[in-house]
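Residues per chain are reported as follows:
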Amino acid sequence: MPFRVEPAPSFKSVLGNGGRPRAGMWACTGNPLLAEICAGSGFDWVLIDGEHSINSLESISVQLQVMAGYPVFPVVRVPSNDTVLIKQYLDLGVQNLIVPMVDNAGQAEQAVAAVRYPPRGVRGVGSALARGSRWNRIEGYLDRAEETITLLVQVETAEAVANVAQIAGTDGVDGIFIGPSDLAASMGHLGQQDHPDVVAAVEQCIRTAVELGVAVGVNAFVESTARRYLDAGADFIAVGADVALLARASEALAAKYVPQDPSGSGSAPASY
């Protein structure tokens, strides 16, 4: 007899409802060893990025496997709001999905349809072939799939901010995730995530989500900004990334031992 397995709890099971905010970090290297290190760091959730990082379907699948041994929620960002890509991510076992660049209710509805089987959606049926259902070892997966999936959509443009109530209120959207970097760019403040207008827009989105009773998260690598958004009511927050931590820590370590060129280009011993 095959083993019958149960899916892991979905991220939405711990969001909102008066619980504490959930802190997380990004995994961008595509490396399962580093993903496992992040998974064991003590964060509540780890965001595997498929939009701006080197991650592929294969590397995401392996990272999900190594992270399964830790009490952490793996959340995966798909590259775009594409029905076929979303189907592939779900089939390889992604339960907590972030869809980027959702600007209006119609696009939110498109994402919802992509994670639901017919007749409620358009997700293709391939559970017998897929890790998502553990190859049909999860009893009644087709009927239960929706309850195992958390769908988060990204609000990261001025248009999305204007439509945030409609996006967050879309049936099937479990939460919104605010992206200040792209939001700043769309508002004419490229690279200025802490610009007062951007911060005000983020806080407006948080307030709207709180009023609607919808989970809301935000990306904030600066601690003071992160704590400000938590105080404003954010339910979950991403506060760092593996690549950024490695870049800054390696730079700081090198600066202790390598003479620095005043021009900023640095210098190396002639023996190199």
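Residues numbered from 1 in each chain as written. Predicted model: local features only at pLDDT ≥ 70, side-chain atom pairs only at ≥ 80, totals over all residues. Heavy atoms only, no water.

In the annotation of an unreviewed UniProt entry, the entry for the protein reads Aldolase/citrate lyase family protein, and the organism field reads Arthrobacter koreensis. Under the UniProt heading Sequence similarities (unreviewed entry), the note attached to the protein is "Belongs to the HpcH/HpaI aldolase family." (UniProt positions renumbered as here; feature names shortened; annotations may be inferred.)

(A) Here's a closer look at the pairing of strand E8 (residues 236-241). Most of E8 is tucked away, with five of its six residues classed as buried. In the sheet, strand E1 (residues 22-27) pairs with E8 via four bridges, with the strands oriented parallel. Along E8, the bridge assignment pairs Trp-26 with Ala-241. Where strand E7 (residues 215-219) and E8 come together, three bridges link them in parallel fashion. Bridged to Val-218 within E8 is Ile-237. Between the parallel elements E7 and E8, the chain passes through helix H10 (residues 223-232) in a crossover that is right-handed. (Buried < 20%, exposed > 50% of the residue type's maximum accessible area, 1.4 Å probe, protein only. Helix = DSSP H or I, 4+ residues; strand = E, 2+ residues; numbered from the N terminus. Pairing = 2+ DSSP bridges. Right-handed = clockwise from strand over helix to strand, strands pointing away.)

(B) Seen up close, the side chain of Ser-133. Turning to its location among the elements, Ser-133 is positioned in the loop between helix H4 (105-115) and helix H5 (141-148). At 3.3 Å, the side chain of Ser-133 and the backbone nitrogen of Trp-135 are in polar contact. The contact partners of Ser-133, leaving out residues within four places of it in the chain, are Ser-127, Ile-138 and Tyr-141. (Polar contact = N/O pair within 3.5 Å; in protein donor to acceptor, adjacent residues only side chain to side chain. Contact = heavy atoms within 4.5 Å.)

(C) Structural view of the UniProt feature "domain: HpcH/HpaI aldolase/citrate lyase" (unreviewed entry) in the protein. UniProt's entry tags residues 22-248 with the feature "domain: HpcH/HpaI aldolase/citrate lyase" (unreviewed entry), counted in the numbering of this structure. In residues 22-248, helix accounts for 43% and strand for 18%; the two terminal C-alpha atoms are 24 Å from one another.

(D) Inspection of the pattern of salt bridges at higher detail. Considering all chains together, one arrives at 14 salt bridges under this definition. Between Asp-171 and Arg-116 there is a salt bridge, and its shortest N-O distance comes to 3.4 Å. Here the residue Asp-171 occupies a position in the loop between helix H7 (164-168) and strand E6 (175-178), and Arg-116 occupies one in the loop between H4 and H5, the gap between them amounting to 55 residues. (Salt bridge = Lys/Arg side-chain N within 4 Å of Asp/Glu carboxyl O.)

(E) Quick look at a nonpolar patch on the surface. Together, Leu-33, Leu-34 and Ile-37 give the surface a local cluster of nonpolar side chains, amounting to about 280 Å² of exposed area. As for its position among the elements, Leu-34 is in helix H1 (residues 32-39). (Patch = residues over 30% accessible without salt bridge, like charges linked within 9 Å, V, L, I, M, F, W, Y side chains within 5 Å. Areas by Shrake-Rupley, 256 points an atom, 1.4 Å probe, with all protein chains shown as cover.)

(F) Local environment of unusual backbone geometry. Following Pro-118, the chain continues into Pro-119 via a peptide bond in cis, with omega recorded as 5°. By the element assignment, Pro-119 lies in the loop between H4 and H5. Residues other than glycine seldom take positive phi values, yet Trp-135 does so here, at roughly 55°. Relative to the helices and strands, Trp-135 is located in the loop between H4 and H5. Residue classification places Trp-135 among the partly exposed residues on the basis of a relative accessible area of 42%.

(G) Structural view of the environment of Asp-174. Relative to the elements of secondary structure, Asp-174 occurs in the loop between H7 and E6. By relative accessible area, Asp-174 is classed as partly exposed at 23%. In the structure, Asp-174 is positioned 142 residues away from Pro-32 in sequence and 28 Å away in space, judged by C-alpha atoms. There is a polar contact of 2.8 Å between the side chain of Asp-174 and the backbone nitrogen of Leu-151.

(H) Examining the packing of helix H9 (residues 196-212) against H10 more closely. Closest axis-to-axis distance for the H9/H10 pair is 10 Å, and the angle between their directions is 30°. For the element pair H9 / H10, the angle class is roughly parallel. For the element pair H9 and H10, the recorded crossing hand is right-handed. Here Val-199, Val-202, Glu-203 and Ile-206 of H9 lie close against H10, whose contacting residues are Arg-228, Tyr-229 and Ala-232. Across the contact of H9 with H10, the residue classes tally to five nonpolar, no polar and two charged. (Axes fitted to C-alpha atoms, helices over the stretch in contact; angles between N-to-C directions. Parallel < 35°, antiparallel > 145°, perpendicular 65-115°, else oblique. Left-handed = near helix turned anticlockwise from the far one by under 90°. Nonpolar A, V, L, I, M, F, W, Y, C, P; charged D, E, K, R; others polar.)

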